[in-house]
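One-letter residues, chain by chain:
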Amino acid sequence: MRLFTTVALFLTVTSCTTQAEYPEEVMYDIASILKDISQAVDGELKYEDTTGLTSEEVINNATASIPDQLAKLPKLAVEGNVSRYRIVSEFQGNNAVMLICDGDVALMEDVGCNTEFDNIYWHAPQPNTCTIRLDAAAICGH
């Protein structure tokens, strides 16, 4: 009986500590929106004249047809326990790479040139990882 109690206590403690910090369903909703945004920005870089525009202007132009998507992200971040939400973007040539972080913790990263979602980090969040890691040229083939 004592062994049973010890095993039950161990399972209870470990199940609590291994539960996801970020709810899966909400995080996948955020990832879906990030994919839409990264593809829109990527298209803007490839097919529109972005000469002289700031990153913010490029993103605003790219998301003008889907403004509700960008507006949903902070709200979903609250639902997803992302207390210090921020979005980071990097233009690598005419490719867009976008990253969502919780403070200094990378949660997900995507290159807009493909149809797949590229990297999910929220399953094993690590501090000091909120930096673009993807090489768009390697993924996009140019």
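Scroll up to find the structure.
(A) Quick look at the overall build of the chain. If you tally the helices and strands in the chain, you get 5 helices and 4 strands. Mapped from its N terminus to its C terminus, the chain presents α and β elements in the order α-α-α-α-β-β-β-β-α. The proportion of buried residues among the 142 residues of the chain is 38%. In the chain, of all internal contacts separated by at least 6 residues, the share reaching a separation of at least 24 is 58%. Working note: accessible area of the chain is about 8,300 Å², and carbon and sulfur atoms make up 55% of it.

(B) Structural context of the packing of helix α2 (residues 24–47) against helix α3 (residues 55–62). Interhelical geometry of α2 versus α3 gives an angle of 110° and a closest axis separation of 8 Å. One finds that α2 runs roughly perpendicular with respect to α3. Together, A40, V41, E44 and L45 of α2 and V58, I59, N61 and A62 of α3 make up the contact between the two elements. Considering only residue class, the contact of α2 with α3 consists of 6 nonpolar, 1 polar and 1 charged.

(C) Seen up close, the side chain of E44. Its location among the elements puts E44 in helix α2. This buried residue, E44, is left without a salt bridge; K46 holds the nearest opposite charge, at 12 Å. Not counting residues within four places of it along the chain, the set of residues in contact with E44 comprises T50, V58, N61 and A62.

(D) Seen up close, unusual backbone geometry. For N81, which is not glycine, the phi torsion reads 65° and is therefore positive. Locating N81 in the fold gives a position in the loop between α4 (67–79) and β1 (85–92).

(E) Quick look at the environment of G43. Position of G43 among the secondary structure elements: in helix α2. Sequence spacing of G43 and A62 is 19 residues, and the spatial spacing of their C-alpha atoms is 7.6 Å.

(F) Representation of the sheet that holds strand β2 (residues 95–102) within the structure. On the basis of which strands lie adjacent, the open sheet formed by 4 strands has the order β1-β2-β3-β4 and antiparallel pairing. The outermost strands of the open sheet, each flanked by one partner alone, are β1 and β4 (119–120). Note that β2 and strand β3 (residues 105–111) share 6 bridges and pair antiparallel. Bridge pairing links I100 to M108 in β3. Relative to β2, α2 is tilted by about 150°, and along the sheet it contacts β1, β2, β3 and β4.

(G) Main features of the state of the cysteines. Tallied over the entire structure, the rule returns 2 disulfides. What pairs with C101 in a disulfide is C130, and their sulfur atoms sit 2.0 Å apart. Looking along the S-S bond of the C101-C130 disulfide, the torsion reads about 95°, which is the right-handed sense. Taken as a pair, C101 in strand β2 and C130 in the loop between β4 and α5 (136–140) lie far apart in primary sequence, 29 residues in all. An identical accessibility class is assigned to C101 and C130; each is buried. Here C113 pairs with C140 through a disulfide, and the sulfurs are 1.9 Å apart. Residues C113 and C140 are joined through a disulfide that is left-handed, its torsion about the S-S bond being -90°. With C113 in the loop between β3 and β4 and C140 in helix α5, this pair connects stretches of sequence that are 27 residues apart. C140 gets classed as buried once you look at its relative accessible area, which sits at 17%.

About the cut-offs
Residues numbered from 1 in each chain as written. Predicted model: local features only at pLDDT ≥ 70, side-chain atom pairs only at ≥ 80, totals over all residues. Heavy atoms only, no water. Helix = DSSP H or I, 4+ residues; strand = E, 2+ residues; numbered from the N terminus. Buried < 20%, exposed > 50% of the residue type's maximum accessible area, 1.4 Å probe, protein only. Contact = heavy atoms within 4.5 Å. Areas by Shrake-Rupley, 256 points an atom, 1.4 Å probe, with all protein chains shown as cover. Axes fitted to C-alpha atoms, helices over the stretch in contact; angles between N-to-C directions. Parallel < 35°, antiparallel > 145°, perpendicular 65-115°, else oblique. Nonpolar A, V, L, I, M, F, W, Y, C, P; charged D, E, K, R; others polar. Lys, Arg positive; Asp, Glu negative; His and termini not counted. Salt bridge = Lys/Arg side-chain N within 4 Å of Asp/Glu carboxyl O. Pairing = 2+ DSSP bridges. Disulfide = S-S within 2.5 Å.

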